[in-house]
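Architecture at a glance
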Amino acid sequence: MLAPAYLPLVPRIRNAKNCSIPLWALGKAGLVGGGTEAQLAAALLERLVDPEVLGKAEPQNLAIVMYALGKLKQDQQQRGSGWDPTSSPHLQTLAAAVASRLRTVAGHGFKPQDVSNSLWALKALGCTGPEYRSAVEALCGEALQQLRKPELAAAFIPQQLSNILLALEGLQLGSEQAELVVAVAEEDMRRGFDGYIAQD
């Protein structure tokens, strides 16, 4: 693994994608135990939320990191050991940045995949507490807005719609999620469930 070589370079990272891509690779590979890979994952998350890097991060970078952290959490739960992303105080900072970006930046650039993957990640990470409420509400609100506009709703692929429903079930938002569940169901019906596979 390249973790021992990459770890000393992390403090010099200035571009968010140089944090998001290695984190995505770690999450995809599921290789984070308690060693150098765990140190690298924690260091990359910490570097990403540094204002110097976070301020210039693209929405896709933020969503990729959210997704990677969700995958790392799943891996940690399956193994019963390894790095737990929820132990990092920087997870809350990342979630708050996603919420802030969605609420304050016109034309923020969050695409359907970014929204659905981030919602799925919050569910996978167990982010149900009040400190994550702003991120959950902002992501749900953005998903609902996009699903209400036919040209934007058409950009969601079936897996992304399924991920939204999985996230809502896991986040247990109660009546607050009803509107979004209805919007997903309406989009599914409009499509006649075209393109779905058994996994979806």
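Residues numbered from 1 in each chain as written. Predicted model: local features only at pLDDT ≥ 70, side-chain atom pairs only at ≥ 80, totals over all residues. Heavy atoms only, no water.

1. Overview of the nonpolar core
Cut-off, in case you're wondering: Only buried residues count toward a nonpolar core. Its members are Ala, Val, Leu, Ile, Met, Phe, Trp, Tyr and Cys residues joined through side-chain atoms within 4.5 Å. The classification of residues rests on relative accessible area computed with a 1.4 Å probe and restricted to protein chains. Under 20% of the type maximum is buried, over 50% is exposed, and intermediate values are partly exposed. We call two residues contacting when some pair of their heavy atoms lies within 4.5 Å.
Counting residues in hydrophobic clusters, the biggest one holds 61 residues, and the most contacted among them are Leu 69, Leu 94, Leu 119, Leu 122 and Leu 180. Among residues more than four places away in sequence, those in contact with Leu 122 are Met 66, Cys 127, Tyr 132, Ala 135, Val 136, Leu 139 and Leu 171.

2. Some points on the pattern of salt bridges
Our working definition: Salt bridges are counted wherever a side-chain nitrogen of Lys or Arg sits within 4 Å of a carboxyl oxygen of Asp or Glu. Helix and strand definitions here come from DSSP, where helices need a minimum of 4 consecutive H or I residues and strands a minimum of 2 consecutive E residues; each element is numbered from the N-terminal end.
Applying the stated criterion across every chain yields a total of ten salt bridges. Its salt-bridge partner being Glu 137, residue Arg 103 comes within 3.7 Å of it at the nearest N-O pair. Placement of the pair is Arg 103 in helix 6 (residues 90-104) and Glu 137 in helix 8 (residues 133-148), with a sequence separation of 34 residues. Residue Glu 137 is classed as partly exposed on the basis of its relative accessible area, which comes to 35%. Residue Glu 187 pairs with Arg 190 through a salt bridge whose shortest N-O separation is 2.6 Å. With Glu 187 and Arg 190 both in helix 11 (residues 178-191), this residue pair falls three residues apart, about one helical turn. The buried category is assigned to Glu 187, whose relative accessible area is 5%. Taking the relative accessible area as the measure of exposure, Arg 190 reaches 53% and is therefore exposed. Via salt bridges that share partners, Arg 14, Arg 47, Asp 50 and Glu 52 belong to a single interconnected network.

3. With respect to helix 2 (residues 17-29)
The following threshold applies: Multiply 1.5 Å by the residue count of a helix minus one, and that product is the helix's expected span.
Taking 1.5 Å per residue, 13 residues should reach 18 Å; helix 2 reaches 18 Å between its end C-alpha atoms and fits that length. Buried positions along helix 2 lie against helix 1 (3-6), helix 3 (36-48) and helix 5 (59-79).

4. Some thoughts on the packing of aromatic side chains
For clarity, the cut-off: Think of it this way: a Phe, Tyr or Trp ring, Trp meaning its six-membered ring, pairs with another when their centres are within 6.5 Å, and the plane angle makes it stacked under 30 degrees, edge-to-face over 60, tilted otherwise.
Scanning the model with the defined rule gives one aromatic pair in all. Ring plane angle 40 degrees and centroid distance 5.2 Å describe the contact between Tyr 67 and Trp 120, whose orientation is recorded as tilted. Pair noted here: Tyr 67 is in helix 5 and Trp 120 is in helix 7 (residues 112-124), with a separation of 53 residues, a long-range link. For the pair shown, Tyr 67 and Trp 120 are each scored as buried.

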